[in-house]
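# Structure at a glance
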Amino acid sequence: MTINDDALADFREKHRGDVLTVEDARYEEARRVWNAMIDRRPAVIARPRAAADVIECVRFAVGMNMPLAVRGGGHNVAGRCVCDDGLVIDFADMKGIRVDPIAMTARAEPGVRWTEFDRETQAFGLATTGGTIGDTGIAGLTLGGGFGWLEGKCGMTVDNLLSADVVLADGRLVQASSSDHPDLFWALRGGGGNFGVVTSFLYRLHEVGPMIVGGLVLHPFSRAKEVLTFFGKFLHTAPDELVAAAVLMTGPDGHKACGITAAYPGDVVDGERLMAPIKQFGPPVVDAMGPMPYRAQQSLIDAAMPPGVLNYWKAEFLRDMSEDVIEVSTEAFSRVPSPMSSILFFPIRGAASRVSPDATAFPHRSGYHVGIYSLWADRAQNEPNIAWARQTWNSIQPLTAGGVYVNELGDDEGVDRVRMAYGLNYERLQQIKAKYDPANVFRLTANITPIAV
Ligand SMILES: Cc1cc2nc3c(=O)[nH]c(=O)nc-3n(C[C@H](O)[C@H](O)[C@H](O)COP(=O)(O)OP(=O)(O)OC[C@H]3O[C@@H](n4cnc5c(N)ncnc54)[C@H](O)[C@@H]3O)c2cc1C
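Residues numbered from 1 in each chain as written. Predicted model: local features only at pLDDT ≥ 70, side-chain atom pairs only at ≥ 80, totals over all residues. Heavy atoms only, no water.

## Remarks on the overall build of the protein
Convention followed: What counts as a helix is a DSSP run of H or I of at least four residues, what counts as a strand is a run of E of at least two, and both are numbered from the N terminus. The reference for a compact globule is 2.2 Å times residues^0.38; the radius of gyration itself is calculated from the C-alpha atoms. Throughout, exposure labels follow a simple rule: accessible area from a 1.4 Å probe, protein chains only, divided by the maximum for the residue type, with under 20% read as buried, over 50% as exposed, and the rest as partly exposed. Exposure was quantified through the Shrake-Rupley algorithm and a 1.4 Å probe, taking into account, for residues, occlusion by the shown protein chains and nothing else. Positive charges come from Lys and Arg, negative ones from Asp and Glu, while His and the chain ends are left out of the count. For this purpose, a charge sits on NZ of Lys, CZ of Arg, CG of Asp or CD of Glu.
Helix and strand counts for the protein stand at 14 helices and 18 strands. Taking 453 residues into account, the globule formula puts the C-alpha radius of gyration at 22 Å, and the protein, at 22 Å, falls close to it. Its C-alpha atoms give the protein principal-axis dimensions of about 70 × 55 × 45 Å. Across the 453 residues in the protein, those meeting the buried criterion constitute 60%. Of the roughly 17500 Å² of accessible surface on the protein, 51% is carried by carbon and sulfur atoms. When the 43 positive and 54 negative side-chain charges of the protein are each reduced to one mean point, those points stand 1 Å apart.

## Considerations on the sheet that holds strand β18 (residues 368–376)
Adjacent strands of a sheet form backbone hydrogen bonds with each other and so pair up, either parallel or antiparallel. Convention followed: Only strands that DSSP links by at least two bridges are regarded as paired with each other. Only the contacting stretch of a helix is used when fitting its axis, a line to C-alpha atoms as for every element, and angles between N-to-C directions run 0 to 180 degrees. Working rule for contacts: check all heavy atoms of both residues, and any pair within 4.5 Å makes them a contact.
Sheet architecture is open: seven strands sit in the order β15-β12-β14-β13-β17-β18-β16, paired in antiparallel fashion. Looking at the sheet topology across the chains shown, the edges are occupied by β15 (286–293) and β16 (310–318). Within the sheet, the average angular offset between the axes of one strand and its neighbour, ignoring direction, is 15 degrees. Sheet strands in contact with helix α9 (residues 268–280) are β12 (211–220), β14 (256–264) and β15, and its direction is about 10 degrees off that of β12. The strands touched by helix α12 (residues 382–396) are β16, β17 (342–347) and β18; relative to β18, the strand with the most contacts, the crossing angle is about 165 degrees.

## Structural notes on the sheet that holds strand β1 (residues 18–20)
Read from one edge to the other, the open sheet built from four strands follows the order β1-β2-β4-β3, with strand pairing classed as mixed. Of all strands in the sheet, those with a lone pairing partner are β1 and β3 (68–71), marking the two edges. Recorded for the sheet is a direction-independent mean angle of 20 degrees between the axes of neighbouring strands. Contacts from helix α3 (residues 51–63) reach β2 (44–47), β3 and β4 (87–90), with the element oriented near 170 degrees to β4.

## Points about the pattern of salt bridges
A pair can form between side chains of opposite charge whenever their charged atoms are brought close. We apply this condition: Should a side-chain nitrogen of Lys or Arg be within 4 Å of a carboxyl oxygen of Asp or Glu, the pair is scored as a salt bridge.
Inspection of the entire model under this criterion finds 29 salt bridges. With a shortest N-O distance of 3.1 Å, Asp24 and Arg26 are connected by a salt bridge. Put simply, Glu28, Glu29, Arg31, Arg32, Asp39 and Arg41 are held in one network by salt bridges that share partners.

## Description of the site of the ligand
Quick reminder of the rule: Proximity criterion: a residue is near a molecule or strand once any of its heavy atoms comes within 4 Å of it. Polar contacts, as counted here, are pairs of nitrogen or oxygen atoms within 3.5 Å of one another; within protein the pair requires one atom able to donate a hydrogen and one able to accept it, and residues that are adjacent in sequence qualify only if both atoms are side-chain atoms. Charged residues are taken to be Asp, Glu, Lys and Arg, nonpolar residues to be Ala, Val, Leu, Ile, Met, Phe, Trp, Tyr, Cys and Pro, and polar residues to be all remaining types, Gly included.
Around the ligand, a shell composed of 33 residues is seen, among which Gly72, Gly74, Thr132, Phe147 and Tyr405 lie nearest. In this structure, an oxygen atom belonging to the ligand sits 2.7 Å away from a main-chain N or O atom of Gly72. Here the ligand loses 97% of its free accessible area of 960 Å² to cover by the protein chains. For the shell around the ligand, the elements supplying multiple residues, two or more each, are β3, α5 (138–144) and β10 (197–204). Sort the elements by how many residues they give to the shell around the ligand and α5 lands first, with four residues. For the shell around the ligand, the residue count by class is 15 nonpolar, 15 polar and three charged.

## Some words on the side chain of Thr400
You can see Thr400 is positioned in the loop between α12 and α13 (415–422). A residue is classified by how much of its surface remains accessible, and Thr400, at 10% relative accessible area, is buried. Of note is the side chain of Thr400, whose polar atom sits 2.8 Å from the backbone oxygen of Gln397. Among all residues touching Thr400, those that are not within four sequence positions of it are Glu316, Phe317, Leu318 and Arg319.

## Describing helix α14 (residues 426–436)
Note on helix geometry: an α-helix contains 3.6 residues per turn, so any two residues three or four positions apart are oriented the same way. Taken together, the buried positions of α14 are Tyr426, Leu429, Gln430, Ile432, Lys433, Ala434 and Tyr436. Against the buried residues of α14 lie α7 (182–188) and α13.

## Some points on the nonpolar core
For the record, the criterion: Remark: nonpolar core denotes a set of buried residues (Ala, Val, Leu, Ile, Met, Phe, Trp, Tyr, Cys) joined through side-chain atoms within 4.5 Å.
Ranked by size, the top nonpolar core spans 74 residues in total, and within it Phe117, Val166, Leu184 and Leu188 carry the most contacts. Ranked by the residues each element gives to this core, the list is headed by α7, at five residues. The contact partners of Val166, leaving out residues within four places of it in the chain, are Arg172, Leu173, Val174, Ala176, Leu184, Leu188, Phe195, Gly196, Val197 and Val198. Ranked by size, the runner-up nonpolar core spans 45 residues in total, among them Val213, Ala238, Tyr264 and Trp388.

## Notes on the pairing of β10
Most of β10 is tucked away, with seven of its eight residues classed as buried. With four bridges connecting them, strand β6 (residues 105–108) and β10 associate as antiparallel partners. Bridge pairing in β10 places Ala108 opposite Phe201. Pairing of strand β8 (residues 161–167) with β10, which is carried by six bridges, proceeds in the antiparallel orientation. The partner of Leu161 across the bridge, within β10, is Tyr203.

## So, the packing of aromatic side chains
Selection criterion: Stacked, tilted and edge-to-face pairs are distinguished by plane angle, under 30 degrees for stacked and over 60 for edge-to-face with tilted covering the rest, among Phe, Tyr and Trp rings (Trp via its six-membered ring) whose centres lie within 6.5 Å. Here, over-ring charges are defined by two tests on the NZ atom of lysine or the CZ atom of arginine: distance to the ring centre within 6 Å, and angle to the ring normal within 35 degrees.
Counted according to the given criterion, the structure contains 17 aromatic pairs. With centroids separated by 4.2 Å and ring planes inclined at 5 degrees, the aromatic side chains of Phe11 and Phe60 adopt a geometry described as stacked. Of the two residues, Phe11 is situated in helix α1 (residues 5–14) and Phe60 in helix α3; the sequence distance between them amounts to 49 residues. Accessibility classification places Phe11 together with Phe60 in one group, the buried group. Ring geometry for Phe201 versus Tyr203: centroids 5.9 Å apart, planes at 20 degrees, classification stacked. Residue Tyr203 is classed as buried on the basis of its relative accessible area of 0%. Taken together, Phe147, Trp149, Phe346, Phe362 and Tyr405 form an aromatic cluster joined through their ring pairs. Its end group placed over the ring of Trp393, Lys314 keeps NZ or CZ at 4.2 Å from the ring centre.

What follows is the structure in structure tokens.
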């Protein structure tokens, strides 16, 4: 798309932050996202400094009839935060965080990553449920739901969102909370970026750590079926606050392995007692579980999912860790082509599972999230790695509960899968979309099409 020079000059004048186009030396770096499979070339990348800049961005994109994408941490595997030919609102320069230790809240701007958020909140011994990889953006994760190590104690990230400032499609800036625009507030908590551009998030915080019990144990792949069976049974008897995930992966020694990674964000002595069965089952080939800072747990698996490699993911929700699921997933992992790939089973449990599926727009409140994560480094190997993820998903899918996490939808999935992500909340979301974004300005999302009642 060619942009009229005068219109661009006018936009530069009104927008306080940086405005990058292809002529800018920073453009190439700025258009890259976490998943190296995504290769898009926006016409303009704007880096707002504050909400007033975001209003200018929305007005500019709507006025020019340009595609509009919004980037928080740039982690979404589908790369929806970057587009060809349109405008990207990139929050790289909006990283403010202010913790109120008396009210136990944190206000954070949308360019913040979880590692930055945890650093500030842990300075006061506080935290809220965030992602399991430090580099992930708070913005996209929060708007899609947000599961993590604290979900059993504190609920999902959306359950801890108290309010959000939002620039709407018509350029108005509103605050959404349970008392102001409650319909919009409901929709933001799981409806993704469909309703506007969030310029500030207010979160509820909880006392956490700084020391917790967490970590990872790995067992040889030959025992994977026993480990996964143990994992399912163990979670049935564990207290809510204990969140454990199981993973099929390649260990540091280059051999396939089955691991359990867990966190207990309560008393350390209690945590060691509660985690003991995980360590006693074995013997493990790696035992890296014990007391550790909460922030160390939050970056425990960062190195396993680095930015800039090639990714193709499939995801689903499971009812339980059934024998069939265990059989199918271990068989599939025995054929995995890349040592960087994994299959991760993450439960939705405790406080996260006691919220009704229609209390927020995020509907998946029980069972396990299964992520089939294909990662590889060499583009010549795209075909076998994509095929492995698809075949694995084809074999697991008939055994699932029939839902998918909106934040892990790929960019090649159809409208039926998008609908499944919102589940029973889809029609209500369509009505709220019709009220706040009738022209579907925010369509470069896992898109909810507007339908007026
Ligand atoms: C390695 C890895 C680990 C992950 N681990 C977890 C996990 O533990 N728990 C979990 O729940 N999820 C997890 N996810 C999924 C994660 O929630 C999504 O990738 C999420 O979209 C990332 O948010 P982001 O801001 O970094 O992404 P971006 O790609 O920047 O944004 C994703 C989308 O969110 C919307 N958006 C972003 N910012 C705004 C804004 N300010 N206003 C309006 N809309 C906006 C846009 O539609 C955008 O396309 C993980 C992802 C990765 C890649």
